[in-house]
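Structural overview
Chain residues, written in single-letter form:
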Amino acid sequence: MAYAITRTCCNDASCVSVCPVNCIHPTPDEPEFGSTDMLYIDPRACIDCGACADACPVDAVFPVDRLRGPDVVFGDLNRDWYRDHPNDHAWGAPSFPRSLPGELGTLRIAVVGTGPSAGYTAQELLRCTGAELTMIDRLPVTGGLLRHGVAPDHQSTKRIAESFASVFHDPRLRMHLNLDVGTDVTHEELAAHHHAVVYAVGAAADRRLGVPGEDLPGSLPATAFVRWYNADPTVPAGTVELSAERVVVVGNGNVAVDIARILLTDPDRLAATDIADHALAALRRSKVREVVLLARRGPEQAAWSRPEFLALGRLPGVELVVEDHPEVRAAIEAAAPDSRAGLLAGLPLVRHDGGAEPGPGRRIVLRFLSAPVELTGEDGRVSGLTVERTALTADGEPLGVAGEMDTLRAGLVVRSIGHRGVPLPGLPFDERTGTLAQRGGRVVDPATGRALPGAYVVGWAKRGPSGGIGANRACARETVDALLDDAVARVLPEPSAGRAEFERLVRRRRPDAVGLKELRAVDRAERERGAAQGRPRVKLATVAELLAAGRRR
């Protein structure tokens, strides 16, 4: 019986490298890699060896005959992908790990960030070089997106962090947490102590709607909401108020889907996850009964991935409906079964009166062809969102339809329309893309196009907010290849000070910086708290709590 990849696929291609018959695609060498919702196993070529299941870091691979309930559909999805993407599974040219000539000596490399892109970068550098690494994070705990971005009901996705555990414990790696590059130390100081600095800082800012009322209390960026339920210590416990019956989420990508799902999931189910205690308590008190996912474009342009959408439709006790509109109805009726719009076939089409209180029960309303115009408020808080009906041009761009407006009553509006990076002192920033200015992973001066010696970037800070966790693996490899090419070409600057001098600098600038021993103590404390409650861990939600736990090592 063949194996199938299911909804928790991380796309990092660990399975591809171990498949003896090359039947998992797209591979990192193929053009579609990184653009598909997941990877797929061809059941006609699979030899049922199970190597992919053993290698999968997120437990996403199962024999088709063991799929149960909502996961049964993934057997068909894996098979059907090859109907439209025939492949003879021929092997490409072999590739071999990079290495550096011994006469170059030991490189010292700093990696700023500890999320997935940083983890893959460090993994690659430790695997193919004898470099000494310094990893830095502004928070007193590692993980980045894995800890503070992945939804708590996706515990299997978080298991990919275990693959980075050996990286963080490597004797060639030193860790400095609770240290902010740009405030506590500068890029110039990092460069003075290292041959190269790789920035893996993500895309920390949200895109704005640009409409009146956006800054009212009760209007939040998606990053704040997601970090709130994931116990990010920079987001206060009282950030989110759930006293209204309707929430509007502007956007329909995977983050918007996550927020809708968390808002309406039975808190008893979330109580078995690592959700923040303050978020779980707020969800138990929540009055939210309806979540509206608002999109300017139509069903065919929906941004969610197929696996995430399928999970959205299977929430116990939650009805998933589509706001009825002639163009939306026509798009669904004309859609191919495996298209974005085709996923909506069979869902109830309903008239949605956003000016009235939600009806009985809990539901998610998919409202297309509607653009936010203004957030309105009462008593200093958001009370509604005025929206304008849109129509799509021949190029698929939404344009407002004059005179067609209405107001949705809502006590919370979350914008989930994309992320962008933030500038870092001392480094060139591309305002158009919201990323560090770069070419092939090398940070460059946008005015001259010349690379800044020894400065590199990886992840969302490099390519923008696109691709899931696993996409960072190929991204990291490209950046590391550029760094190693520069090392071989002897263009990396020679640091003027060493590792010991940098550690003294850190102790002087940030006496409460956290190292590996403190990180282990935090991990142990959270797991012990979780074990007492039958949960994977109970996160410490403030910097003070994290530092105190680290001191109790």
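Residues numbered from 1 in each chain as written. Predicted model: local features only at pLDDT ≥ 70, side-chain atom pairs only at ≥ 80, totals over all residues. Heavy atoms only, no water.

1. Focus: the overall build of the protein chain
Of regular secondary structure, the protein chain possesses 19 helices and 25 strands. Here the C-alpha radius of gyration of the protein chain, 24 Å, is about what a compact globule of 553 residues would show, namely 24 Å. In terms of principal-axis extent, the alpha carbons of the protein chain reach across some 70 × 60 × 55 Å. The long-range share in the protein chain, meaning contacts at least 24 apart out of those at least 6 apart in sequence, stands at 75%. Total accessible area computed for the protein chain in this model is approximately 23400 Å², and 51% of it derives from carbon and sulfur atoms. With 66 positive and 72 negative side-chain charges, the protein chain shows a separation of 5 Å between the mean positions of the two kinds. (Helix = DSSP H or I, 4+ residues; strand = E, 2+ residues; numbered from the N terminus. Rg over C-alpha atoms; globule rule 2.2 N^0.38 Å. Contact = heavy atoms within 4.5 Å. Areas by Shrake-Rupley, 256 points an atom, 1.4 Å probe, with all protein chains shown as cover. Lys, Arg positive; Asp, Glu negative; His and termini not counted. Charge placed at Lys NZ, Arg CZ, Asp CG, Glu CD.)

2. Some details on the sheet that holds strand β5 (residues 108-112)
The strands that make up a sheet pair up through hydrogen bonds in the backbone, lying either parallel or antiparallel. Reading across from one edge, β7-β6-β5-β8-β25-β24-β23 is the order of the 7 strands in this open sheet, with mixed pairing throughout. Both edges of this open sheet fall to β7 (173-177) and β23 (438-439), since each of them pairs with a single strand only. Relative to strand β6 (residues 132-137), β5 runs parallel, the two sharing 5 bridges. The partner of valine 112 across the bridge, within β6, is isoleucine 136. Contacts from helix α16 (residues 471-488) reach β5, β8 (196-199), β24 (442-444) and β25 (451-457), with the element oriented near 150° to β25. The strands touched by helix α17 (residues 499-509) within the sheet are β5, β6 and β7, with β7 carrying the most contacts at an inclination of about 15°. (Pairing = 2+ DSSP bridges. Axes fitted to C-alpha atoms, helices over the stretch in contact; angles between N-to-C directions.)

3. Digging into the packing of helix α9 (residues 222-229) against helix α10 (residues 254-264)
Interhelical geometry of α9 versus α10 gives an angle of 45° and a closest axis separation of 11 Å. On the basis of their axis angle, the class for α9 and α10 is oblique. Seen along the crossing, α9 lies across α10 with a hand that is left-handed. Here α9 contributes Ala222, Phe225, Val226 and Tyr229 to the contact with α10, which in turn contributes Val255, Asp258, Ile259, Ile262 and Leu263. (Parallel < 35°, antiparallel > 145°, perpendicular 65-115°, else oblique. Left-handed = near helix turned anticlockwise from the far one by under 90°.)

4. Quick notes on helix α18 (residues 516-533)
Residue pairs three or four apart in sequence face the same way in an α-helix, which turns once every 3.6 residues. An ideal rise of 1.5 Å per residue puts 26 Å on 18 residues; α18 measures up with 26 Å between its terminal C-alpha atoms. Within α18, burial applies to Glu518, Leu519, Ala521, Val522, Ala525, Glu526 and Gly530. Down the axis of α18, the buried side of the element spans an arc of 165°, and every buried residue falls inside it. Away from its buried face by more than 90 degrees, α18 exposes Lys517, Glu528, Ala531 and Ala532. After α18 finishes, the residue glycine 534 shows a positive phi value of roughly 70°. (Expected span 1.5 Å × (residues − 1). Buried < 20%, exposed > 50% of the residue type's maximum accessible area, 1.4 Å probe, protein only. Arc of directions from axis to C-beta.)

5. Digging into the sheet that holds strand β13 (residues 318-323)
Read from one edge to the other, the open sheet built from 7 strands follows the order β10-β19-β11-β12-β15-β13-β14, with strand pairing classed as parallel. Each end of this open sheet is capped by a strand with a single partner; those strands are β10 (219-221) and β14 (349-350). When strand β11 (residues 246-250) meets strand β12 (residues 290-294), the two strands line up parallel, connected through 5 bridges. Bridge pairing in β12 links valine 247 to valine 291. Sitting on the sheet, α9 is in contact with β10 and β19 (412-415), with an inclination near 80° to β10.

6. Comments concerning helix α19 (residues 543-551)
Among all positions in α19, only Leu546, Leu547, Ala549 and Gly550 are buried. The arc enclosing the buried residues of α19, seen along the axis, measures out at 160°, which places them on a common side. For α19, the exposed residues set more than 90 degrees away from the buried face come down to Ala544 and Arg551.

7. Re the pairing of strand β17 (residues 381-392)
Two faces make up the sheet, and in a regular strand the side chains alternate between them. Relative to β17, strand β16 (residues 370-378) runs antiparallel, the two being bridged by 8 bridges. Pairing of glycine 377 across the sheet is with valine 382, part of β17. Both β17 and strand β18 (residues 398-409) contribute to a ladder of 8 bridges, which runs antiparallel. Its bridge partner being in β18, threonine 390 is matched across the sheet by glycine 400. Count of turn residues in the β17/β18 antiparallel hairpin: 5 residues, of which glycine 396 carries a positive phi of about 85°.

8. Some thoughts on unusual backbone geometry
Residue proline 26 is reached from histidine 25 by a cis peptide bond, and omega for that bond is -5°. Along the chain, proline 26 falls in the loop between β2 (24-25) and β3 (40-41). One non-glycine residue, aspartate 48, lies in the positive phi region at around 65°. Checked against the element boundaries, aspartate 48 lands in the loop between β3 and α2 (51-55).

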